[in-house]
Amino acid sequence: MSGLRNAALVGNPNAGKSALFNALTGARQKIANYPGVTVERKAGRLVLPSGEPVELIDLPGAYSFEPSSPDEEVTRKVVHGEFAGEATPEVLIVVLDAANLEQHLVFAQEVIALGRPTVVALNMIDMAERDGLVLDPNALEQALGVPVVPTVAVRRRGLTELVAAIQRAEARAEGEGDDHPQPHLTLPERRLAAANIAKGAILSETAQHRLHAGLDKVLLHPWLGLPILFALLFVVFQAVFAWATPFADGLEALVALVSEQVSALLPAGFVRDLITEGVLAGVGSVVVFLPQIVILFAFILAMEASGYMARAAYLMDRMMQGVGLSGRSFIPLLSSVACAIPGIMATRSIADPRDRLTTILIAPLMTCSARLPVYAVIIAAFIPQATVGPGIGLQGLVLFGLYVAGIVGAMVAALVLRRTVTKGAASGFIMELPRYQLPRLKDLLIGLWQRAWVFLRRAGTIIFTVTIVLWLLLSFPKAAPGESQVDASFAGQLSQGLAVVVQPIGFNREIALALIPAMAAREVAVASLATTYAVDAPDEEAAAAGLASQLSARWSLPTALAFLAWFVFAPQCLSTIAVTRRETNGWKWPAFMLAYLFSLAYIFAGLTYWTAVALGL
Ligand SMILES: Nc1nc2c(ncn2[C@@H]2O[C@H](COP(=O)(O)OP(=O)(O)OP(=O)(O)O)[C@@H](O)[C@H]2O)c(=O)[nH]1
Ligand SMILES: [Mg+2]
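If you're wondering where the values come from, they're calculated on a predicted model, not measured in any experiment. (Residues numbered from 1 in each chain as written. Chains lettered and ligands numbered in written order. Predicted model: local features only at pLDDT ≥ 70, side-chain atom pairs only at ≥ 80, totals over all residues. Heavy atoms only, no water.)

Let's shift gears to the overall build of the protein chain. Across its full length, the protein chain carries 29 helices and 8 strands. When the 617 residues of the protein chain are sorted by exposure, 51% land in the buried category. Looking at the protein chain alone, contacts between residues at least 24 apart form 72% of all its contacts between residues at least 6 apart. Entry remark: accessible area of the protein chain is about 27,700 Å², with carbon and sulfur atoms responsible for 63%. (Helix = DSSP H or I, 4+ residues; strand = E, 2+ residues; numbered from the N terminus. Buried < 20%, exposed > 50% of the residue type's maximum accessible area, 1.4 Å probe, protein only. Contact = heavy atoms within 4.5 Å. Areas by Shrake-Rupley, 256 points an atom, 1.4 Å probe, with all protein chains shown as cover.)

Here you go:
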């Protein structure tokens, strides 16, 4: 063979190929702790102990020779000698992550089966040791039929042995025909073999490592994984209602007590009404949902800290591919459960611009925590506290349904967008799973405190301000005797036009009135309704009744259901629109987002209302 001898580093992403390449050639390839760092071939020079130079090629990581992304395509072409201007590598150096042996052996077998002179670098031995794994390189060598050299690329351990093995392989390449191509196994066969080979090569593992591997077997099971995820989410929403009720009742009683005290202490008039009808009724009606927010986030934070959330993204990947997105969109969408704003910012990690735009456009459909008070107050007012099965509360079930409606809406929207406005194919997704960990109580409490604080600060700023402005607009001008105060007020008159528009979908005037200030923040809808009914109450006693009982007395069930459907879709949040403008550099996409979400909200609220009316609910 003429020219320089050559050898190529192949293996799964994040195995340490580039780290080995740098250590062997003195190059400075970028290495980083996530898969997909190297995306093109890079060549360097390695001098063998015999003094002969070899061209060493660093390749992008791949999971198989059936490429699913452009970087994997590069790997396949180079190895098969189809890469223009590149000779077929004589020697293949398979790099394995010793701590993820079973996973990495799947592709390794495919490489070895080519029958080319091959050397296996059993890399990251240090990580395996840290995990409590003791490996037997000889057993691995026997099973694979090629030399295996343990290495720690970043500490240059095992490099001399590896270079010696490469030299022997180059010598074999000269002889040619030493290694025989092996029969091609199918993917399931290779998976099974990988499991067996890994088992044979692992001398001992700690109980903890076994536990974690066992957990993954169940939680990531192709059939069981998703049902377990959904069952878990179901439990979360049950808990949001079941556990929060006593605390929410307590808070509500406290707000009522303060309101009573204020009424008793202050003389009747402007200030007293402002405090009781505006601040306490309005802001108080939102603050009582603090326990629910805290419970929801306790679950989310625990799932994140334990390492389960990354696995949920992994599970969702297939489903996301089905609608033209990848698992990479999962984390931004999941953050949107807290709030669409950090969710939309998190899309910066999505490389494909169309993937990213689609994710931004559907992020507001994920149920953000600002919607929780809206949902919760309507559910408390209209859905009985019944159980529909052993331990399954109807209220929690409805809440779960609303979250699912948001997710389904987002997926359908993505599907449609990917076929129309943001046309394109799904891009691949790879993700290394983090270690399982018991969440630390202190971190959990800090996280919860931060969430609670964000919620309370919103109540004390945006919601407080908007509610006071609304109260002023509702309270003036004063109604003539016999006339309704809301009818007579500025706010009442202002909302008249909107009331006509939303009347066909079953919304009454108070809802129309609530929709405008709720653009500032969704929770304001609750505060606004509470303030409106407090101002409108015929007497003190009616005014003091909680918002839920006011609603159940004044609204029909179809109206309440239509209101819920509206909030699943409506983009009632100016900050989300603003952040979309910033992230997409213009008004085109936020305008599009507003238009399609309001249309969906109107259509689904209307459908819900008229279906409910037709069913005689
Ligand atoms: N502890 C330890 N870390 C290693 C070892 N080898 C590589 N790493 C680290 O593992 C990470 C991945 O290494 P890379 O060399 O970028 O992996 P790669 O196989 O080139 O990955 P892609 O280019 O994505 O295919 C980096 O953070 C390295 O510092 C090792 O032997 N021990
Ligand atoms: Mg690399």
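Okay, the pairing of strand E5 (residues 118-123) next. Most of E5 is tucked away, with 6 of its 6 residues classed as buried. When strand E4 (residues 91-97) meets E5, the two strands line up parallel, connected through 6 bridges. Across the sheet, Leu 92 pairs through a bridge with Thr 118, a residue of E5. After leaving E4, the chain enters helix H3 (residues 101-112) and then returns to the sheet as E5, a path that is right-handed. Bridge analysis of E5 against strand E7 (residues 148-150) gives 3 bridges, and the strand direction is parallel. (Pairing = 2+ DSSP bridges. Right-handed = clockwise from strand over helix to strand, strands pointing away.)

This part covers the UniProt feature "transmembrane region" (unreviewed entry) in the protein chain. Per the UniProt entry, the sites bearing "transmembrane region" (unreviewed entry) are residues 218-241, 278-303, 357-383, 395-417, 455-474, 560-579 and 591-612 in this numbering. Helix makes up 100% of residues 455-474 and strand 0%. Its end C-alpha atoms lie 26 Å apart. (UniProt positions renumbered as here; feature names shortened; annotations may be inferred.)

Now for the packing of aromatic side chains. In this structure the tally under the stated criterion is 18 aromatic pairs. A ring pair is formed by Phe 569 and Phe 604, whose centres lie 4.8 Å apart and whose planes are at 25 degrees; its orientation type is stacked. Taken as a pair, Phe 569 in helix H27 (residues 557-569) and Phe 604 in helix H29 (residues 588-614) lie far apart in primary sequence, 35 residues in all. Within the aromatic cluster, the residues linked to one another by ring pairs are Phe 382, Phe 507, Trp 555, Phe 563, Trp 566, Phe 567 and Phe 598. Sitting over the ring of Tyr 436, Arg 311 keeps its end group 3.8 Å from the ring centre. The lysine or arginine in question, Arg 581, covers the ring of Trp 587, its NZ or CZ lying 5.6 Å from the ring centre. (Phe/Tyr/Trp six-rings, centres within 6.5 Å; stacked < 30°, edge-to-face > 60°. Lys NZ or Arg CZ within 6 Å of the ring centre and 35° of its normal.)

It is worth spelling out the sheet that holds E4 at this point. Pairing is mixed in the open sheet, where 6 strands are placed in the order E2-E3-E1-E4-E5-E7. Looking at which strands have only one partner, the edges of the open sheet turn out to be strand E2 (42-47) and E7. Sheet twist, expressed as the mean angle between neighbouring strand axes with direction ignored, is 25 degrees. Pairing analysis gives 5 bridges linking strand E1 (residues 5-11) to strand E3 (residues 53-58), with the strands arranged parallel. Counterpart to Asn 6 in the pairing with E3 is Glu 55. Running over the sheet, helix H6 (residues 159-175) touches E1, E2, E3, E4, E5 and E7 and is turned about 165 degrees from E5. (Axes fitted to C-alpha atoms, helices over the stretch in contact; angles between N-to-C directions.)

Okay, the pattern of salt bridges next. According to the stated counting rule, one finds 17 salt bridges in the structure shown. With a closest N to O distance of 3.4 Å, Glu 90 and Arg 5 form a salt bridge. Linking Glu 90 in the loop between helix H2 (70-79) and E4 with Arg 5 in strand E1, this pair joins segments that are 85 residues apart in sequence. Of the two residues, Glu 90 and Arg 5, both sit in the buried class. In this structure, Arg 582 and Glu 583 form a salt bridge, with 3.4 Å as the shortest nitrogen-oxygen distance. For Arg 582, a relative accessible area of 44% translates into the label partly exposed. (Salt bridge = Lys/Arg side-chain N within 4 Å of Asp/Glu carboxyl O.)

Next up on the list: the packing of helix H28 (residues 574-584) against H29. Between H28 and H29, the shortest axis-to-axis distance is 7 Å and the interhelical angle comes to 140 degrees. Considering only the axes of H28 and H29, their crossing is right-handed. Counting all contacts with H28, which are made through Ile 577, Thr 580, Arg 581 and Thr 584, the residues of H29 involved are Trp 589, Pro 590, Met 593 and Leu 594. In the contact of H28 with H29, the residues fall into 5 nonpolar, 2 polar and 1 charged. (Left-handed = near helix turned anticlockwise from the far one by under 90°. Nonpolar A, V, L, I, M, F, W, Y, C, P; charged D, E, K, R; others polar.)

Locating Gly 26 in the fold gives a position in the loop between helix H1 (17-25) and E2. Under the relative-accessibility criterion, Gly 26 is labelled exposed at 54%. Note: C-alpha distance between Gly 26 and Arg 45 (19 residues apart in sequence) is 8.5 Å.

With 17 residues, H6 should cover 24 Å at 1.5 Å per step; its first-to-last C-alpha distance of 25 Å lies within 8% of that length. What H6 keeps buried is the set Leu 159, Leu 162, Val 163, Ala 165, Ile 166, Ala 169, Glu 170, Arg 172 and Ala 173. (Expected span 1.5 Å × (residues − 1).)

Moving on, we come to the side chain of Gln 292. Considering the arrangement of structural elements, one finds Gln 292 in helix H12 (residues 290-306). By relative accessible area, which is 4% here, Gln 292 ends up buried.

Turning our eyes to something else, we now look at the nonpolar core. By size, the foremost hydrophobic cluster in this structure holds 107 residues, and its most contacted members are Phe 507, Leu 551, Trp 555 and Phe 563. Those residues in contact with Trp 555, other than ones at most four positions away along the chain, are Ile 378, Phe 382, Asn 508, Ile 511, Leu 529, Tyr 533, Ala 560 and Phe 563. Ranked by size, the runner-up nonpolar core spans 36 residues in total, among them Val 74, Val 146, Ala 194 and Ala 198. (Core = buried A, V, L, I, M, F, W, Y, C linked by side-chain atoms within 4.5 Å.)

Let's shift gears to H12. Here H12 spans 24 Å end to end across 17 residues, near enough to the 24 Å set by a 1.5 Å rise per residue. When we look at burial in H12, the residues that qualify are Leu 290, Pro 291, Gln 292, Ile 293, Ile 295, Leu 296, Phe 297, Ile 300, Leu 301, Met 303 and Ser 306. In the stretch just after H12, Gly 307 is the one whose phi turns positive, near 95 degrees.

Residues Val 408, Val 412, Leu 415 and Val 416 make up a contiguous nonpolar surface patch of roughly 300 Å² in combined accessible area. The residue Val 412 is located in helix H18 (residues 394-419) in this model. (Patch = residues over 30% accessible without salt bridge, like charges linked within 9 Å, V, L, I, M, F, W, Y side chains within 5 Å.)

We now examine unusual backbone geometry. Put simply, Phe 476 and Pro 477 share a cis peptide bond, and its omega is -15 degrees. Within the secondary structure, Pro 477 is located in the loop between helix H19 (441-475) and helix H20 (485-488). In the Ramachandran plot, Asn 14 falls in the positive-phi region, its phi being about 65 degrees despite a non-glycine side chain. Its place among the elements puts Asn 14 in the loop between E1 and H1. Phi angles above zero are rare outside glycine, and Asn 585 is one such case at about 55 degrees. Among the structural elements, Asn 585 can be located in the loop between H28 and H29.

This part covers the pairing of E3. The pairing of E2 with E3 spans 6 bridges and is classified as antiparallel. Opposite Gly 44, over in E3, you have Leu 56 as the bridge partner.

Across all of its chains, the model carries 0 disulfides by this definition. Unpaired in this structure, Cys 339 has its nearest cysteine sulfur neighbour in Cys 573, at a distance of 6.3 Å. By relative accessible area, which is 25% here, Cys 339 ends up partly exposed. With no disulfide partner, Cys 368 has as its closest neighbouring cysteine sulfur the one in Cys 339, 6.3 Å distant. (Disulfide = S-S within 2.5 Å.)

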